[in-house]
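Fold and geometry: a report
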Amino acid sequence: MVKQMRTIKGTHDILPENSRNWQNLEKIIHASASLSGYSEIRTPIIEEAGLFNRGIGENTDIVSKEMYSWTDRDNKTIALRPEMTASVVRSYIQHNLHNKSVLQRLYYIGPSFRRERPQKGRQRQFHQFGVEAIGSANPEQDAEVIALGWEILKKAGINNLELKLSSIGSKECRNKYKNALINFLKPHVSKLSETSKRRLGNNPLRILDTKNKNEIQIIKSAPKIEDYYTKEDQDHFDQVKIFLKSMNIPFTVDPLLVRGLDYYTQTTFEIISNDLGAQDALLGGGRYDGLIKSLGGKDTPAIGFAAGMERILMALDDTAINKKTTPTIYIVCVDKEALGSLQKLSTNLRKIGYKVLFETLRRSMRAQMRDANKYNADFAIIVGQQELVNKTIQLKNLSVGNQETIELKNVFNYFKSLTF
Ligand code: HAM
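Not measured: the values here are computed from a predicted model.

Reading guide: rules and limits
Residues numbered from 1 in each chain as written. Predicted model: local features only at pLDDT ≥ 70, side-chain atom pairs only at ≥ 80, totals over all residues. Heavy atoms only, no water. Salt bridge = Lys/Arg side-chain N within 4 Å of Asp/Glu carboxyl O. Helix = DSSP H or I, 4+ residues; strand = E, 2+ residues; numbered from the N terminus. Buried < 20%, exposed > 50% of the residue type's maximum accessible area, 1.4 Å probe, protein only. 1 Å grid on protein atoms, 1.4 Å probe; cavity = no way out; pocket = protein on both sides within 12 Å on 5 of 7 lines; lining within 4 Å. Points joined across faces, edges and corners; volume = space filled by probe spheres on them. Nonpolar A, V, L, I, M, F, W, Y, C, P; charged D, E, K, R; others polar.

**Considerations on the pattern of salt bridges**
Considering all chains together, one arrives at 21 salt bridges under this definition. Its salt-bridge partner being Glu-151, residue Lys-155 comes within 3.0 Å of it at the nearest N-O pair. With Lys-155 and Glu-151 both in helix α6 (residues 139-156) and four residues apart, the pair spans about one turn of that helix. One salt bridge in this structure joins Arg-363 and Glu-359, with 2.9 Å as the shortest N-O distance. Exposure remark for Glu-359: the relative accessible area of 4% places this residue in the buried category.

Right, dumping it as structure tokens:
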């Protein structure tokens with residue numbers, strides 16, 4: 001017996017029964033992003049690993065533990081992208097996009113890869129959509145980006161959303177805060193988990209994100225980041241909150257919000273769904289004013305987010321996105337002499353926007369009608385010997401159940417005059 005091949009751990013096929021939900025979500029993303037002036041950018045799935053080491057940070061879990069990378073035949077280290085912000089920034093610098101416009105509003109959709117422990121809502125290949133606004137340091141830009149993420153999730157049909165907002169301040173603020181946090185945690189080191197002990201050395205802010213009960217207790221009396229904000233940090237954050245309020249976007253300030261990537265400055269945020277369980281983050285992002293310079297570009301401010309598409313589809317009430325919009329006609333043909341004229345009719349009906357399913361298996365009338373129901377068709381155009389002779393068709397309205405005879409030459413105009 002030949003061994004059957006299967007998808008590898010943490011990866012999934014998107015089967016035909018689900019692909020329409022994906023397409024609908026993609027449509028919402030394209031339409032909403034474009035209404036806010038964002039243009040699509042597509043970058044390669046593979047990049048030099050150094051881009052992510054430098055961009056996301058060598059000490060992050062994403063790079064140090066989860067990135068798929070290998071030495072290629074020419075001795076270059078290549079990686080599958082674990083996220084897309086670093087790639088977009090690389091592309092922005094490489095193609096001098098700032099010369100085309102001082103503010104670049106970009107969005108993207110595509111797969112990313114992280115070698116995480118697979119579980120519900122966490123895959124090794126997953127899909128993200130995201131936006132990056134590169135060029136403005138002002139708080140209204142933060143509000144625009146956050147509002148776009150919020151609006152797309154709402155349009156997709158997710159209701160139970162919570163926006164968590166924080167600011168991790170400027171680099172100056174964060175360095176002072178990091179030291180204060182390390183000094184606070186040192187006397188507690190014996191009570192910390194192995195992971196947190198390691199993080200104390202290389203990424204102490206991540207400890208704030210702990211799920212360990214003892215550590216949560218310790219963190220309660222830890223110094224707070226807001227006490228280390230500069231005046232500019234505080235002003236920027238206050239303005240973002242004012243803009244969000246004026247746009248009627250509810251949020252909660254969460255000083256313990258920690259993002260898993262090193263490039264953030266100032267505003268950070270996540271949108272979670274309370275219906276999702278442990279992997280509840282649908283969308284996450286923030287400002288990254290230092291990244292473009294650190295990857296070899298000019299000092300340019302930027303902010304963006306990315307959202308997990310599998311998680312969004314999981315959070316959806318199935319009926320919300322799976323709405324059928326295109327009226328569907330099933331052509332039930334039981335006389336092969338009629339195939340040619342019906343094929344022509346199908347082509348013409350598709351041209352005016354109908355979805356037309358054409359029988360190519362030459363099955364019995366009953367089997368074809370069963371299929372028409374299975375595909376949720378609105379109409380069946382039925383042609384048997386009698387209709388062929390009379391140059392007519394039977395038109396069955398499957399939603400209402402009635403049936404009428406129409407001359408074949410009038411069918412096109414009949415459908416053309418219907419409105420949906
Ligand atoms: P991130 O928080 O690492 O941010 O990922 C964004 C979203 O991708 C998460 O909220 C989650 O929905 C989804 N996601 C992440 N990992 C997985 C996984 N293993 N399986 C399923 N879904 C996952 C970023 O990637 C940043 N690039 C966001 C950003 C853009 N910041 C600024 N601009």
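Alright, that's what it looks like, and here's the rest.
**Describing the layout of surface pockets**
Its volume calculated, the second largest pocket comes out at about 670 Å³. Every residue lining the second largest pocket is counted, 36 residues in all, and those nearest its centre are Ile-168, Arg-174, Asp-262, Tyr-263 and Tyr-264. Secondary structure elements with two or more residues in the lining of the second largest pocket: α2 (49-56), β7 (161-167), α7 (171-185), β9 (265-273) and α11 (291-294). Each residue belonging to the lining of the second largest pocket can be placed in one class, and the counts come to 13 nonpolar, 15 polar and eight charged.

**Concerning empty space enclosed by the protein**
In this structure the tally under the stated criterion is one cavity of 30 Å³ or more. Considered as a void within the structure, the largest cavity measures approximately 60 Å³ in volume. Lining the largest cavity, in full, are Tyr-177, Leu-208, Ile-219, Ala-222, Pro-223, Lys-224, Ile-225, Pro-255 and Leu-256. Each residue belonging to the lining of the largest cavity can be placed in one class, and the counts come to eight nonpolar, no polar and one charged.

Purely spatial values, then, with no claim about function.
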